[in-house]
Amino acid sequence: KQVMQWLRDPSKIDDEKLRADVEECLARDEQCGPEQDVARQELGRKYELLLEERLRTLGVEFLSEDDLRRQGKYKTPDVLLSVPIGVDDKVVCWIDSKAKFGDLNAMKDDYKSSIASYTGRYGPGLVVYWFGFLEDAAS
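Reference entry: report on the structure contained in this document. Just so we're clear, the structure is a prediction, and the values are computed from it rather than from any experiment. (Residues numbered from 1 in each chain as written. Predicted model: local features only at pLDDT ≥ 70, side-chain atom pairs only at ≥ 80, totals over all residues. Heavy atoms only, no water.)

In this section: the nonpolar core. By size, the foremost hydrophobic cluster in this structure holds nine residues: Leu68, Leu80, Cys93, Trp94, Met107, Ile115, Tyr118, Tyr122 and Tyr129. Those elements that place two or more of their residues in this core are strand S3 (90–98) and helix H5 (104–122). Per-element accounting of this core gives the leading share, four residues, to H5. Among residues more than four places away in sequence, those in contact with leucine 80 are Phe62, Leu63, Leu68, Cys93, Trp94 and Tyr122. Of all hydrophobic cores here, the second largest spans eight residues; its members include Leu51, Val60, Val79 and Leu81. (Core = buried A, V, L, I, M, F, W, Y, C linked by side-chain atoms within 4.5 Å. Buried < 20%, exposed > 50% of the residue type's maximum accessible area, 1.4 Å probe, protein only. Helix = DSSP H or I, 4+ residues; strand = E, 2+ residues; numbered from the N terminus. Contact = heavy atoms within 4.5 Å.)

Spanning 13 residues, helix H2 (residues 16–28) covers 18 Å between terminal C-alpha atoms, matching the ideal 18 Å at 1.5 Å per step. For H2, the N-terminal capping position is held by aspartate 15, with its side-chain oxygen 3.1 Å away from the main-chain nitrogen of lysine 17. (Expected span 1.5 Å × (residues − 1). Polar contact = N/O pair within 3.5 Å; in protein donor to acceptor, adjacent residues only side chain to side chain.)

Take the environment of valine 38 next. Mapping valine 38 onto the fold places it in helix H3 (residues 34–57). Judged by relative accessible area, which is 42%, valine 38 ranks as partly exposed. C-alpha separation for the pair valine 38 and glutamate 24, spaced 14 residues apart in sequence, amounts to 18 Å.

Here is the structure:
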């Protein structure tokens, strides 16, 4: 727990050398550092807005994640459709946008962290992996 707090805020590390080392590691981390987290969040938001824009263009009514949060909902997909739609002979009640590639690990993690609860709360849905996905992983 202490290590995670230090990683979030290295200024709380008393030892100067350790603090400098942690700050350097965070600055050089090209995959999981704070700058990459911010960039991932911004990219994710950009694609959520793109999804909303496309649905509006198609005349599909929905509640956004922000709308749902204002209603006090905790676990929310990016879009909850006002009226379910059919996609490839399947009913879709909600859509979640993922600005990443969907490999097997990503899909498993997404299912555990959010998709299972969306399905339980809102019914069947659709996940958009904007950068593609492995067909085998989807099944």
